[in-house]
Amino acid sequence: AQTVTQSQPEMSVQEAETVTLSCTYDTSESNYYLFWYKQPPSRQMILVIRQEAYKQQNATENRFSVNFQKAAKSFSLKISDSQLGDTAMYFCAFTPLGGSQGNLIFGKGTKLSVKP
Amino acid sequence: DVKVTQSSRYLVKRTGEKVFLECVQDMDHENMFWYRQDPGLGLRLIYFSYDVKMKEKGDIPEGYSVSREKKERFSLILESASTNQTSMYLCASSLLGTDVNYYGYTFGSGTRLTVV
């Protein structure tokens, strides 16, 4: 079975500091997508970052970057210069390519609190 | 701005009532999904649909049914609401996973359903 594990149910960070959220996944597929989603207290889930497994380069989006280790099946999210607006639940997700209908497999989430 | 719209943010229903949750997307996506989100359990897939009139069971379909008569609309039906169906319900849509432009899900804002 394909699974996604987020080992940190809750984390906190001081404003302006850097924090890393962990995610590991289990799959026998060689081609797939990985995602990080953010769900602020207002509830709308939004895409933070997307990684294609066949690309070696780690994806970045402004203050958000990933450390993608394909052999280790690890996909951590680094948030630099944390802001109060980064307070949210963060979900890691995975979907295989090739015949997939696009269903995402989610981790259980990490609740991040950014403290002033 | 592309979006997924859920008809209600908050609903309160009585035990035994038939409940309809509506979701509409304007992105011409093939896939649509219904999840429920509960603290500590993450997102659990109830049903999904990859085409009009097509539906597939997810991980927790018991007590629910769905309808997709038009591509843009996906309805979740609680045939006889029970208190254990009190939850946050999230709708999402996406392109097919094999689409070169696949970019994961777009989520609605969620419906907080309370069954009393």
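As shown above, the structure is provided for reference.
Just so it is clear, the structure is predicted and the values come from calculations on it, not from any experiment. (Residues numbered from 1 in each chain as written. Chains lettered and ligands numbered in written order. Predicted model: local features only at pLDDT ≥ 70, side-chain atom pairs only at ≥ 80, totals over all residues. Heavy atoms only, no water.)

Focus: the overall build of chain B
Tallying secondary structure elements over chain B gives 0 helices and 11 strands in all. Listed by position from the N terminus, the elements making up chain B come as β-β-β-β-β-β-β-β-β-β-β. C-alpha extents for chain B along the principal axes are approximately 45 × 25 × 25 Å. Residues counted as buried form 49% of the 116 residues belonging to chain B. The long-range share in chain B, meaning contacts at least 24 apart out of those at least 6 apart in sequence, stands at 56%. In chain B, 15 side chains carry a positive charge and 15 a negative one; their mean positions are 7 Å apart. (Helix = DSSP H or I, 4+ residues; strand = E, 2+ residues; numbered from the N terminus. Buried < 20%, exposed > 50% of the residue type's maximum accessible area, 1.4 Å probe, protein only. Contact = heavy atoms within 4.5 Å. Lys, Arg positive; Asp, Glu negative; His and termini not counted. Charge placed at Lys NZ, Arg CZ, Asp CG, Glu CD.)

A word on the pattern of salt bridges
Residue and element names in this part refer to chain B. Per the stated rule, a full pass over the model turns up 10 salt bridges over all chains. The salt bridge involving Arg-73 is made with Glu-22; its shortest N-O contact spans 3.9 Å. Placement of Arg-73 in strand 8 (residues 73-78) and of Glu-22 in strand 3 (residues 19-25) is noted, with a sequence separation of 51 residues between them. Judged by relative accessible area, Arg-73 falls into the partly exposed class, the value being 39%. Classification of Glu-22 by relative accessible area gives partly exposed; the value is 23%. Asp-28 serves as the salt-bridge partner of Lys-71, at 2.9 Å between the closest nitrogen and oxygen. (Salt bridge = Lys/Arg side-chain N within 4 Å of Asp/Glu carboxyl O.)

Side note on the state of the cysteines
Here, disulfide denotes a covalent bond that connects the sulfur atoms of two cysteines. Going through the model one piece at a time under the given rule, you end up with 2 disulfides over all chains. A sulfur-sulfur distance of 2.0 Å marks the disulfide that ties Cys-23 of chain A to Cys-92 of chain A. Taking the sign of the torsion about the S-S bond as the criterion, the disulfide between Cys-23 of chain A and Cys-92 of chain A, at about -70 degrees, is left-handed. One end of the pair, Cys-23 of chain A, is in the loop between strand 3 (19-21) and strand 4 (24-26); the other, Cys-92 of chain A, is in strand 10 (residues 88-96), with 69 residues separating them in the sequence. Here Cys-23 of chain A falls in the buried class, since its relative accessible area comes to 2%. Here Cys-23 of chain B engages in a disulfide with Cys-91 of chain B; their sulfurs sit 1.9 Å apart. One quick way to see it: the torsion about the S-S bond of Cys-23 of chain B and Cys-91 of chain B is about -80 degrees, and its sign makes the bridge left-handed. Placement of the pair is Cys-23 of chain B in strand 3 and Cys-91 of chain B in strand 9 (residues 87-94), with a sequence separation of 68 residues. A residue is classified by how much of its surface remains accessible, and Cys-23 of chain B, at 0% relative accessible area, is buried. On the basis of relative accessibility, which here comes to 0%, the residue Cys-91 of chain B falls in the buried class. (Disulfide = S-S within 2.5 Å.)

Considerations on unusual backbone geometry
Phi angles above zero are rare outside glycine, and Asn-62 of chain A is one such case at about 55 degrees. Within the secondary structure layout, Asn-62 of chain A lies in the loop between strand 7 (60-61) and strand 8 (64-69). For Asp-28 of chain B, which is not a glycine, the phi torsion comes out positive at approximately 60 degrees. Within the element layout of this structure, Asp-28 of chain B appears in the loop between strand 3 and strand 4 (31-38).

What to know about the interface of chain B and chain A
Listed by partner, the interface residues are 31 residues for chain B and 21 residues for chain A. Taken together, both faces of the contact between chain B and chain A bury some 2,000 Å²; the carbon and sulfur share is 51%. Here chain B and chain A share 0 salt bridges between them. Where chain B touches chain A, the interface holds 6 residue pairs in polar contact (both at pLDDT 80 or more). Of all the secondary-structure elements, those providing two or more residues to the side of chain B that touches chain A are strand 4, strand 5 (42-49), strand 9 and strand 11 (111-115) of chain B. When grouped by side-chain class, the residues that make up the side of chain B that touches chain A number 16 nonpolar, 12 polar and 3 charged. (Buried area = accessible area lost by both parts, 1.4 Å probe. Polar contact = N/O pair within 3.5 Å; in protein donor to acceptor, adjacent residues only side chain to side chain. Nonpolar A, V, L, I, M, F, W, Y, C, P; charged D, E, K, R; others polar.)

That's the geometry; what it means functionally is another story.
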